[in-house]
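Now for the letters of each chain:
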Amino acid sequence: MRNLNAITPETAKTTHYYWAQAHDFDVDDNAVSDILVDQVKTAFLEDKDVFEAQQANIDLDPEAAKIDLSGDVGGEAARKLIRKLIEAETEAANPD
């Protein structure tokens, strides 16, 4: 089976989350495909509930300290790069 999760921000508080699931077994049996779609959809909707709860917590205190775990290293690296790009763009626009 192959799984795709493509996530891209829309606004500061909303995100587009695209997902797809493919399999190369029992492809002629629609019941197998239906079961797999139902399972992936169930997991996706559970994730959606968690993401919405996380955003609600963030909204309670946007300035609260964040705790990064080892799994957050990619996201933290991206945020650091974006901050550097914003700083460079700001400096270029305001050279004085």
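One numbering rule holds for all chains: residues counted from 1, following each sequence as written. The model is predicted, so local features are restricted to residues of pLDDT at least 70 and side-chain atom pairs to those at 80 or more, both for listing and for counting; the totals for chains, interfaces and linings are taken over all residues. Calculation of side-chain values draws on the structure's entire complement of heavy atoms; hydrogens and water are dropped beforehand.

Student: What am I meant to see in the overall build of the protein chain here?
Tutor: In this description a helix means any DSSP run of H or I spanning at least four residues, a strand means any run of E spanning at least two, and both kinds are numbered starting from the N terminus. Counting its secondary structure elements, the protein chain contains two helices and two strands. Listing every helix and strand of the protein chain by position from the N terminus yields β-β-α-α. At 19 Å, the protein chain has a C-alpha radius of gyration far larger than the 12 Å of a compact globule built from 96 residues. Projected onto its principal axes, the C-alpha positions of the protein chain cover 65 × 30 × 25 Å. Only protein chains enter the accessibility calculation, which uses a 1.4 Å probe; a residue is then buried when its area is under 20% of its type maximum, exposed when over 50%, and partly exposed in between. Put simply, the protein chain has 96 residues, and 6% of those count as buried. Here a residue-residue contact requires only that any non-hydrogen atoms of the pair lie within 4.5 Å. Expressed as a percentage of contacts within the protein chain between residues at least 6 apart in sequence, the contacts between residues at least 24 apart total 17%. The size measure is the radius of gyration over C-alpha atoms, and the globule rule it meets is 2.2 Å times the number of residues to the 0.38 power.

Student: Explain helix α1 (residues 30–60) here, please?
Tutor: Because the α-helix completes a turn every 3.6 residues, residues three or four places apart line up on one side. Relative to the 45 Å expected for 31 residues at 1.5 Å per residue, α1 spans 45 Å between its end C-alpha atoms, a close match to the ideal helical length. Among the residues of α1, Val32, Leu36, Val40 and Phe44 are the ones counted as buried. In this fold, the buried residues of α1 make contact with β2 (15–22). For this analysis, a polar contact is any N or O atom pair within 3.5 Å, provided that within protein one partner can donate a hydrogen and the other can accept it, and provided that sequence-adjacent residues contribute only side-chain to side-chain pairs. Of the residues that open α1, the one with a side-chain oxygen 3.0 Å from the backbone nitrogen of Ala31 is Asp29. Here the expected span of a helix is defined as 1.5 Å times the quantity of residues minus one.

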